[in-house]
Amino acid sequence: MTTALITHADCLNHVTPDGHPERVARLEHVLHALEGLALKRVTGPMAAEDDILRIHPASYLADLRNAVPQDGRVQLDADTYMSPGSLDAAFRAAGAVVRAVDMVLSGEVQNAFAAVRPPGHHAETDTAMGFCLFGNAALAAKHALDHHGLARVAVVDFDVHHGNGTQDLLWDEPRALFISSQQMPLWPGSGRPEEDGAHGQILNLPLPPGSGGVQMKAAYVDQAFPRLRAFKPEMIIISAGFDAHQDDPLAELAWSTEDFRWLSRELCSLAQELCGGRIVSTLEGGYDLNALAASAKAHAEELIEAGT
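Since we're looking at a predicted model, the values are computed, not measured.

Parameters and conventions
- Residues numbered from 1 in each chain as written.
- Predicted model: local features only at pLDDT ≥ 70, side-chain atom pairs only at ≥ 80, totals over all residues.
- Heavy atoms only, no water.
- Helix = DSSP H or I, 4+ residues; strand = E, 2+ residues; numbered from the N terminus.
- Rg over C-alpha atoms; globule rule 2.2 N^0.38 Å.
- Buried < 20%, exposed > 50% of the residue type's maximum accessible area, 1.4 Å probe, protein only.
- Contact = heavy atoms within 4.5 Å.
- Areas by Shrake-Rupley, 256 points an atom, 1.4 Å probe, with all protein chains shown as cover.
- 1 Å grid on protein atoms, 1.4 Å probe; cavity = no way out; pocket = protein on both sides within 12 Å on 5 of 7 lines; lining within 4 Å.
- Points joined across faces, edges and corners; volume = space filled by probe spheres on them.
- Nonpolar A, V, L, I, M, F, W, Y, C, P; charged D, E, K, R; others polar.
- Patch = residues over 30% accessible without salt bridge, like charges linked within 9 Å, V, L, I, M, F, W, Y side chains within 5 Å.
- Salt bridge = Lys/Arg side-chain N within 4 Å of Asp/Glu carboxyl O.
- Lys, Arg positive; Asp, Glu negative; His and termini not counted.
- Charge placed at Lys NZ, Arg CZ, Asp CG, Glu CD.
- Core = buried A, V, L, I, M, F, W, Y, C linked by side-chain atoms within 4.5 Å.
- Phe/Tyr/Trp six-rings, centres within 6.5 Å; stacked < 30°, edge-to-face > 60°.
- Expected span 1.5 Å × (residues − 1).
- Bend = angle between axes of the 7 residues up to and from the residue.

K.L.:
Looking at this model, I keep getting lost on the overall build of the protein. Mind explaining?
P.N.:
Within the protein, the secondary structure is distributed over nine helices and 10 strands. Here the C-alpha radius of gyration of the protein, 17 Å, is about what a compact globule of 308 residues would show, namely 19 Å. Taken over 308 residues, the protein has a buried fraction of 61%. For the protein, long-range pairs separated by at least 24 residues make up 77% of all intrachain contacts whose partners lie at least 6 apart in sequence. Just so you have it, the protein exposes about 10,800 Å², and 48% of that area is on carbon and sulfur atoms.

Structure representation (C-alpha cells):
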C-alpha cells in the first residue's frame, strides 16, 4: 500500500495581498519539503458542483462565482480574499479531498494527503471566512458517508484555530464525530467544550496560550483517543493545520515539529486499529514557512510509514 500526495498547480493561483499570511509560498514550501518522499503523486481534479452542494447551498456558490474579480483582488471579509484564480483553486482543493477519499476507500492507496490551498475549516455553510472558501474536511466526510455509504467518519482538526466551519457543517450530522483542539482564547472565538453538536458528536479541546506538547498529548490521550475508539470510525479525516508550532506568528501554543510527528503517528496507529488505516489528511494553516514545511514533512513521513 502507498500514500498519495494530491495537489494541483491551480492552488498556487489563489493570490492574496502582499503581507497576507495565507500566501502562495506556503504551498510552495510544503511541496518542496515533500520532494523525494515515497509518495504516489496525483493531480487533483476539479470538484464537481454536486460535490460542493453536499455541504454548501447553491446560493453561496453563486455568490462566490459572482465575486471572482477579472483582475486584482476582492475582499470577502476582514482577512479572506479572492483573486482571478481563487475559485478554481478552491475547486481543486475540494476535488483533491474527494479524490483522496475515493482512492483510500477503493484500496488504491492506504492513506492520502491533500496539499492544497485555500484551506477550508473556517468556511461555514454560507459564509467564507478565515482564508477559507469551501469546507474541505467536511466535504471529505460527507463524500465518504453519502457517496460511499460509510456509517461513521471521524474528523480530527489539530489546527491552532478552531474549525468553526467544519463544526457548523457537521453540527447536525450524527454519522460524523468532530474532534478539534485549539488555542483558547483565540480567533474565531468558538470551540468551547459545551459546543458538542446536535447529537453530542462534537468534542472540543481548548488549550491555553503558552501550553506545549505535554498538555496537548494529555488532551488527546485522555479525551480524543477514547472518543475515537468508542465511535469506531470507518475512516479518519485530518484537518492538518501546523500553526500550533512554537514558531508560528499567529498564535501562542508551543508545539514542536516532533509534537506534530507524535500526533500524526498516534492518529495513524488509531486508524490501523479502528478502520484499516484509512486516513485522508488535508492541509489547513501554518504560517511560519520553515515550521510549516518541517511539520508537514513529519506528518507525511508518518502517513508513509503507516502505509507501508
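Picking up after the structure, the text goes on.
K.L.:
How do you make sense of the layout of surface pockets when you look at a structure like this?
P.N.:
Any empty space left between atoms is shown by rolling a water-sized probe over those atoms. The volume enclosed by the largest pocket comes to roughly 150 Å³. The wall of the largest pocket is formed by 14 residues, among which His122, Phe131, His161, Trp187 and Leu250 lie closest to the centre. When its residues are assigned to classes, the lining of the largest pocket shows six nonpolar, five polar and three charged.

K.L.:
Explanation requested: a negative patch on the surface in the structure shown.
P.N.:
On the surface, Asp63, Asp126, Asp168 and Asp172 cluster together into a patch of negative charge. Summarising the element assignment, aspartate 126 is placed in the loop between β5 (111-114) and α5 (136-147). When its relative accessible area of 52% is taken as the criterion, aspartate 126 is described as exposed.

K.L.:
Where do I start with the environment of leucine 292 in this structure?
P.N.:
When you line up the elements, leucine 292 lands in helix α9 (residues 289-307). Counting along the chain gives 262 residues from leucine 292 to valine 30, while the straight-line C-alpha distance between them is 7.0 Å. Not counting residues within four places of it along the chain, the set of residues in contact with leucine 292 comprises Arg26, Val30, Phe242, Leu283, Gly285 and Gly286.

K.L.:
It is not clear to me how the pattern of salt bridges should be interpreted in this structure. Could you clarify?
P.N.:
Pairing of side chains with opposite charge becomes possible as their charged atoms draw close. Inspection of every chain in the model, using the stated rule, returns 18 salt bridges. Here aspartate 146 and arginine 54 are joined by a salt bridge, their closest N and O atoms 4.0 Å apart. With aspartate 146 in helix α5 and arginine 54 in the loop between α2 (49-52) and α3 (58-67), this pair connects stretches of sequence that are 92 residues apart. Taking relative accessible area as the criterion, aspartate 146 reaches 37% and is therefore assigned partly exposed. Where glutamate 173 meets arginine 175, a salt bridge forms, and the shortest distance between an N and an O atom there is 2.8 Å. According to the relative accessible area criterion, glutamate 173 is buried, its value standing at 6%. The exposure class assigned to arginine 175 is partly exposed, which follows from its relative accessible area of 26%. One salt-bridge network, held together by shared partners, links Arg54, Lys142, Asp146, Glu173 and Arg175.

K.L.:
Hey, could you run me through the side chain of serine 211 in this one?
P.N.:
Within the secondary structure, serine 211 sits in the loop between β8 (202-207) and α7 (213-231). Residues within four places of serine 211 in sequence aside, it is in contact with Glu252, Leu253, Ala254 and Trp255.

K.L.:
Can you help me understand the nonpolar core in this one?
P.N.:
For soluble globular proteins, nonpolar side chains are generally found buried alongside one another. Residues Phe134 and Phe158 are the most contacted members of the largest nonpolar core, which totals 97 residues. Residue contributions to this core peak at 12 residues, all from helix α4 (residues 86-106).

K.L.:
Just checking my understanding: could you explain the packing of aromatic side chains for this structure?
P.N.:
Enumeration according to the criterion identifies eight aromatic pairs in this entry. On the numbers, 5.9 Å between centres and 50 degrees between planes, the contact of phenylalanine 158 with phenylalanine 260 is tilted. With phenylalanine 158 in the loop between β6 (153-157) and α6 (164-170) and phenylalanine 260 in helix α8 (residues 257-275), the pair connects residues that are 102 residues apart, well separated along the chain. Across this residue pair, the class does not change: phenylalanine 158 and phenylalanine 260 are buried. Ring geometry for phenylalanine 242 against phenylalanine 260: centres 5.2 Å apart, planes inclined by 70 degrees, an arrangement best described as edge-to-face. Linking phenylalanine 242 in the loop between β9 (236-240) and α8 with phenylalanine 260 in helix α8, this pair joins segments that are 18 residues apart in sequence. The buried category is assigned to phenylalanine 242, whose relative accessible area is 1%.

K.L.:
Teacher, can you tell me more about α7 here?
P.N.:
Each α-helix winds once per 3.6 residues, and so residues spaced three or four apart point in a common direction. End to end, α7 covers 25 Å across 19 residues, agreeing with the expected 27 Å (1.5 Å per residue, within 8%). Along α7, the sharpest change in direction is near 40 degrees and occurs at tyrosine 220. Every buried residue of α7 is listed here: Gly213, Met216, Ala219, Tyr220, Ala224, Phe225, Leu228 and Phe231. In the core, the buried residues of α7 are packed alongside β6, β7 (176-183), β8 and α8. At the exit of α7 stands lysine 232, carrying a positive phi of roughly 55 degrees.

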